[in-house]
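Remarks on the overall topology
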Amino acid sequence: MPKRVDHEERRTQIAEALIRVAGRRGLHAVGMRDVAAEAGVSLRLVQYYFETKEKLLFYGLQYLTDRFTARVGARLAAAGPDPGPRATVEALLLASLPTDEESRTFHLVYSTYSILSVTDEALAAQPFIDNPDAAENALAGLIEQARAAGLADPGIDARMEAISLLAMAATMGTSILVGQRNPESAIAVLHHQLDRIFATSEPAATRACPI
């Protein structure tokens, strides 16, 4: 009896190959033939599942986003059953910093998607992600929650702080990639900003682990 093909598993295999090749060469230099070779499958099979490079890129972006969500979830699980607003914000921001091979690849490839969404007509015609403001909304909500509970500076603007933290994390991530600073330095800057926003009354045990 022929083996039943798990189509979602096959798509994941191809998406992971796309991410690996893009992490080494840059997304702009990746073709469907390169992805097929990396995945150990035929070009025809890649075309069967995705038809065009644009569709492969869309799927790869969603896969990358799902991987990031899982990475944040793992950090929150490690922080305990009730991590609190600060630890949750910290987990989201630290997950985006390129502190290991997986997060390095994530930052590099995701940044390339951002650039291509500006210059590539096919990508520009689609939403960059399903909800481009999801991270900003999540951080703003957490900071506002902390402010209301007396765990953050009562005079802060939660939305502005969320925007600033995300911009800072993105910039520091790039600075790590190019060797301007090391992960420990970037994390120290992140903690400095969080100390400014959040009151010290939140129990230290609720804070996420550094890396």
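Residues numbered from 1 in each chain as written. Predicted model: local features only at pLDDT ≥ 70, side-chain atom pairs only at ≥ 80, totals over all residues. Heavy atoms only, no water.

Moving on to the side chain of Thr112. Tracing the backbone through its elements, the reader meets Thr112 in helix H6 (residues 101-119). Here Thr112 falls in the buried class, since its relative accessible area comes to 16%. At 2.8 Å, the side chain of Thr112 and the backbone oxygen of Leu108 are in polar contact. (Helix = DSSP H or I, 4+ residues; strand = E, 2+ residues; numbered from the N terminus. Buried < 20%, exposed > 50% of the residue type's maximum accessible area, 1.4 Å probe, protein only. Polar contact = N/O pair within 3.5 Å; in protein donor to acceptor, adjacent residues only side chain to side chain.)

Moving on, we come to the environment of Thr105. Along the chain, Thr105 falls in helix H6. Sequence separation of Thr105 and Arg20 is 85 residues, and the distance between their C-alpha atoms is 7.6 Å. What Thr105 contacts, discounting residues up to four positions off in sequence, is Ile19 and Gly23. (Contact = heavy atoms within 4.5 Å.)

So, about the pattern of salt bridges. Inspection of the entire model under this criterion finds 13 salt bridges. Residues Glu102 and Arg67 are paired through a salt bridge, measuring 3.2 Å at the closest nitrogen-oxygen approach. With a gap of 35 residues between them, Glu102 in helix H6 and Arg67 in helix H4 (residues 53-79) connect regions that are remote in the sequence. With a relative accessible area of 37%, Glu102 lands in the partly exposed category. (Salt bridge = Lys/Arg side-chain N within 4 Å of Asp/Glu carboxyl O.)

Okay, helix H9 (residues 158-177) next. In this model, H9 (20 residues) spans 29 Å end to end at C-alpha, consistent with the 28 Å of a helix rising 1.5 Å per residue. On its buried face, H9 is in contact with helix H5 (84-96), H6, helix H8 (134-148) and helix H10 (183-197). Near the N-terminus of H9, the side chain that reaches the backbone nitrogen of Arg159, with its oxygen 3.1 Å away, is that of Asp157. (Expected span 1.5 Å × (residues − 1).)

So, on to unusual backbone geometry. For Glu51, which is not a glycine, the phi torsion comes out positive at approximately 65°. Its location among the elements puts Glu51 in the loop between helix H3 (43-50) and H4.

With respect to the secondary-structure elements, Leu165 resides in helix H9. It is 8.0 Å that separates the C-alpha atoms of Leu165 and Leu190, two residues lying 25 residues apart in sequence. Residues contacting Leu165, with those up to four places away along its chain left out, are Val89, Leu93, Leu139, Ile143, Leu190, Gln193, Leu194 and Ile197.

Our next topic: the side chain of Ser175. Along the polypeptide, Ser175 turns up in helix H9. Beyond its immediate chain neighbours, meaning those up to four positions away, Ser175 contacts Gln180 and Arg181.

Moving on: empty space enclosed by the protein. This model, assessed by the stated rule, comprises 1 cavity of 30 Å³ or more. The computed volume of the largest cavity comes to approximately 60 Å³. In terms of lining, the largest cavity is formed by Leu64, Arg67, Phe68, Arg71, Ala95, Glu102 and Phe106. For the lining of the largest cavity, the elements supplying multiple residues, two or more each, are H4 and H6. Per-element tally for the lining of the largest cavity: the top contributor is H4, with 4 residues. Class assignment of the residues belonging to the lining of the largest cavity gives a composition of 4 nonpolar, no polar and 3 charged. (1 Å grid on protein atoms, 1.4 Å probe; cavity = no way out; pocket = protein on both sides within 12 Å on 5 of 7 lines; lining within 4 Å. Points joined across faces, edges and corners; volume = space filled by probe spheres on them. Nonpolar A, V, L, I, M, F, W, Y, C, P; charged D, E, K, R; others polar.)

Structural measurements only, silent on function.
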